[in-house]
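Next come the chains, spelled out residue by residue.
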Amino acid sequence: MTDGTRMSVETKLSTAVWHKSSRSNAGGSYVEIARLNNRVGVRDSKNPSAPALVFEATVFAIFLEAVKAEQL
């Protein structure tokens, strides 16, 4: 990732609208995701200022499908 791309993603992460899973538990053990155009940000809800993981949207969609199909 180039420095320009990194800055762009970091800016988008700082202004992103984060959503937690509807399956999150009351103890707060969950992740949050944010849509970032053609990427998806994922972060720990208990530590939102920590670095987030960023995936290409198509890769994240494949991952979700595999989880739903219980392949992971």
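Residues numbered from 1 in each chain as written. Predicted model: local features only at pLDDT ≥ 70, side-chain atom pairs only at ≥ 80, totals over all residues. Heavy atoms only, no water.

Q: Explain the overall build of the protein here, please?
A: A tally of regular secondary structure across the protein gives two helices and four strands. Across the protein, helices and strands are ordered from the amino to the carboxyl terminus as α-β-β-β-β-α. The buried share of the protein, reckoned over its 72 residues, is 21%. Of all intrachain contacts in the protein linking residues separated by at least 6 positions in sequence, the fraction that spans at least 24 positions is 17%. As displayed, the protein has an accessible area near 5,500 Å², and 55% of this comes from carbon and sulfur atoms. (Helix = DSSP H or I, 4+ residues; strand = E, 2+ residues; numbered from the N terminus. Buried < 20%, exposed > 50% of the residue type's maximum accessible area, 1.4 Å probe, protein only. Contact = heavy atoms within 4.5 Å. Areas by Shrake-Rupley, 256 points an atom, 1.4 Å probe, with all protein chains shown as cover.)

Q: Which parts of the structure should I look at to understand the nonpolar core?
A: One broad rule of soluble globular proteins: the nonpolar side chains tend to lie buried together. Counting five residues, the largest nonpolar core consists of Leu 13, Ala 16, Trp 18, Ala 34 and Leu 36. Each residue touching Ala 34, except ones within four places of it in the same chain, is listed here: Ala 16, Val 17, Trp 18, Arg 39, Val 40 and Gly 41. (Core = buried A, V, L, I, M, F, W, Y, C linked by side-chain atoms within 4.5 Å.)

Q: Would you mind going over the pairing of strand β3 (residues 39-44) with me for this structure?
A: Regular strands have side chains that alternate between both faces of the sheet. Across six bridges, strand β2 (residues 31-36) lies against β3 in antiparallel orientation. Across the sheet, residue Ala 34 finds its bridge partner in β3, namely Gly 41. Count of turn residues in the β2/β3 antiparallel hairpin: two residues, of which Asn 37 carries a positive phi of about 55°. For β3 and strand β4 (residues 53-56), the ladder comprises four bridges, and the chain directions are antiparallel. The residue bridging Val 42 from the neighbouring strand is Leu 53, located in β4. (Pairing = 2+ DSSP bridges.)

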